Amino acid sequence: MSLFGYLLMLSGWLLTLASLFLLAGVGQRLLFVAAGLAVELLGLGLLTYRYRALQREAR
């Protein structure tokens, strides 16, 4: 699950970066940047969940 979280964070970053170069309208860019940030937050949430689960198992 942690690999999936890392891949989500990477894909969100790439989505944000690609939108800045490929889209012309400011509204379109803003929408894709928001979507990329949401994907990054989802990946960070998965990593946090996995980290906490590993900490509980170590006790």
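Scroll up to find the structure.
The rules we used
- Residues numbered from 1 in each chain as written.
- Predicted model: local features only at pLDDT ≥ 70, side-chain atom pairs only at ≥ 80, totals over all residues.
- Heavy atoms only, no water.
- Helix = DSSP H or I, 4+ residues; strand = E, 2+ residues; numbered from the N terminus.
- Rg over C-alpha atoms; globule rule 2.2 N^0.38 Å.
- Buried < 20%, exposed > 50% of the residue type's maximum accessible area, 1.4 Å probe, protein only.
- Areas by Shrake-Rupley, 256 points an atom, 1.4 Å probe, with all protein chains shown as cover.
- Patch = residues over 30% accessible without salt bridge, like charges linked within 9 Å, V, L, I, M, F, W, Y side chains within 5 Å.
- Salt bridge = Lys/Arg side-chain N within 4 Å of Asp/Glu carboxyl O.
- Expected span 1.5 Å × (residues − 1).
- Contact = heavy atoms within 4.5 Å.
- Arc of directions from axis to C-beta.

Focus on the overall build of the protein chain
Across its full length, the protein chain carries two helices and zero strands. Relative to a compact globule of 59 residues, whose C-alpha radius of gyration would be 10 Å, the protein chain shows 15 Å and is clearly more extended. The principal-axis extent of the C-alpha atoms belonging to the protein chain is close to 50 × 15 × 10 Å. Expressed as a percentage of its 59 residues, the buried residues of the protein chain come to 17%. Summed over its atoms, the accessible surface of the protein chain is roughly 4600 Å², and 72% of this surface lies on carbon and sulfur atoms.

Re a nonpolar patch on the surface
Among the surface-exposed residues, Leu3, Leu7, Leu10, Trp13, Leu14, Leu17, Leu20, Phe21 and Leu22 lie close enough to one another that they form a single nonpolar patch of about 970 Å² accessible area. Relative to the helices and strands, Leu17 is located in helix H1 (residues 2-22).

A few points about the side chain of Ser19
Its place among the elements puts Ser19 in helix H1. Exposure remark for Ser19: the relative accessible area of 3% places this residue in the buried category.

Examining helix H2 (residues 26-58)
In a regular helix each residue adds 1.5 Å, so 33 residues correspond to 48 Å; H2 covers 48 Å between its end C-alpha atoms and thus fits that length. Buried residues of H2: Gly36, Gly43, Leu46, Leu47 and Ala53, and no others. Those residues of H2 hidden inside the fold are in contact with H1.

A word on H1
Its 21 residues place the ends of H1 30 Å apart at the C-alpha level, agreeing with the 30 Å of an ideal helix rising 1.5 Å per residue. Residues of H1 that are buried include every one of Gly5, Leu8, Gly12, Thr16 and Ser19, and no others. The buried residues of H1 occupy an angular sector of 70° when the element is viewed end-on, so they sit on one face. Across from the buried face of H1, at angles greater than 90 degrees, the exposed residues are Leu3, Tyr6, Phe21 and Leu22. If you follow the buried residues of H1, they end up packed against H2.

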